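# An overview of the molecular structure
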Amino acid sequence: IAAALVVCFAFALVACNNNAKPETMTDADFEALYSFANATSNSQSYRNVTTFVTHTADGDVTEQETCGIYTNNTSRTITIDTVLTAADGTVTKTYYIYGLYQGRTVEAEAEFVGDAELPSSSTYSNTSSLAESQVIAKSSALRAVNDIINLKNYDIISATVINYGDGKYDYEISYGTDDSGQANASIVAHVENEKLISATVTQGDVSYTATYEFNIGSKTVPSKPDWFKQYPAPED
């Protein structure tokens, strides 16, 4: 569905600009795409939603991760909320937050399984040794950005770009990750205002769609009592 939406959006833009036609990507086009991806990763405040679909013998496994990076003057707060739907329909939800509370770096996480009203686990701790970059790296926030930049390491089978003007581009790239000389992966990406806005990536049995929203504001980290008020720790 997400891939179809990206394609439909591209067609809608074409309808608005009949002069915009797919062109084979040049080295300069690839460098521009890498620059747009890097601009996204260097943004101070953004929200990323990445939805993975993995095809298994038992059915599809879906994971949606929402990562919010909020700017608070000299610090940033990071939230990572995940909804995992197993092949049997079981849903697990995880809520995570990282940032400064009264000058100390803390992280907190709570997990809900199925229809439970109370979390199966809930933690809140000081974590001065955990760097902001490590938290972002363990999320999916930059998965699409990194996959685009890593195109440099693969054989490009086909690649087209549509330049609609006003800083809007659509890219469609097929590439090979082995020595077969055949395409076994693809990326469809949309860029606006020199930043990556969305990407749909397919690699083997896994496909995902990532979207980005910028300048999402600030967010404070709750106190320990407030966290456990919202997410009570299970009793022993």
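Anything mentioned here points back to the structure above.
Fair warning: this is a prediction, and the values are worked out from it, not measured in the lab.

### Quick notes on unusual backbone geometry
Its identity is not glycine, yet Asn73 carries a phi of approximately 60 degrees, on the positive side. Looking at the element boundaries, Asn73 is found in the loop between strand 3 (59–72) and strand 4 (75–85). Even without being glycine, Asp166 reaches a positive phi, approximately 55 degrees. Looking at the secondary structure, you find Asp166 in the loop between strand 8 (155–165) and strand 9 (168–176).

### What about the pairing of strand 9?
With 9 bridges joining them, strand 8 and strand 9 adopt antiparallel strand pairing. Residue pairing across strands places Val161 opposite Tyr171, the latter belonging to strand 9. Counting the residues in the hairpin turn of strand 8 and strand 9 gives 2 residues, including Asp166, whose phi is positive at 55 degrees.

### What about the pattern of salt bridges?
With the rule as written, the count across this model stands at 3 salt bridges. Put simply, Arg76 and Glu132 hold a salt bridge, and the shortest N to O gap is 2.7 Å. Pair noted here: Arg76 is in strand 4 and Glu132 is in helix 3 (residues 132–138), with a separation of 56 residues, a long-range link. A relative accessible area of 12% places Arg76 in the buried class. Its salt-bridge partner being Asp147, residue Arg143 comes within 3.2 Å of it at the nearest N-O pair. Of this pair, Arg143 and Asp147 both sit in helix 4 (residues 143–149), 4 residues apart, which is roughly one turn of the helix.

Reading the values: the criteria
Residues numbered from 1 in each chain as written. Predicted model: local features only at pLDDT ≥ 70, side-chain atom pairs only at ≥ 80, totals over all residues. Heavy atoms only, no water. Helix = DSSP H or I, 4+ residues; strand = E, 2+ residues; numbered from the N terminus. Pairing = 2+ DSSP bridges. Salt bridge = Lys/Arg side-chain N within 4 Å of Asp/Glu carboxyl O. Buried < 20%, exposed > 50% of the residue type's maximum accessible area, 1.4 Å probe, protein only.

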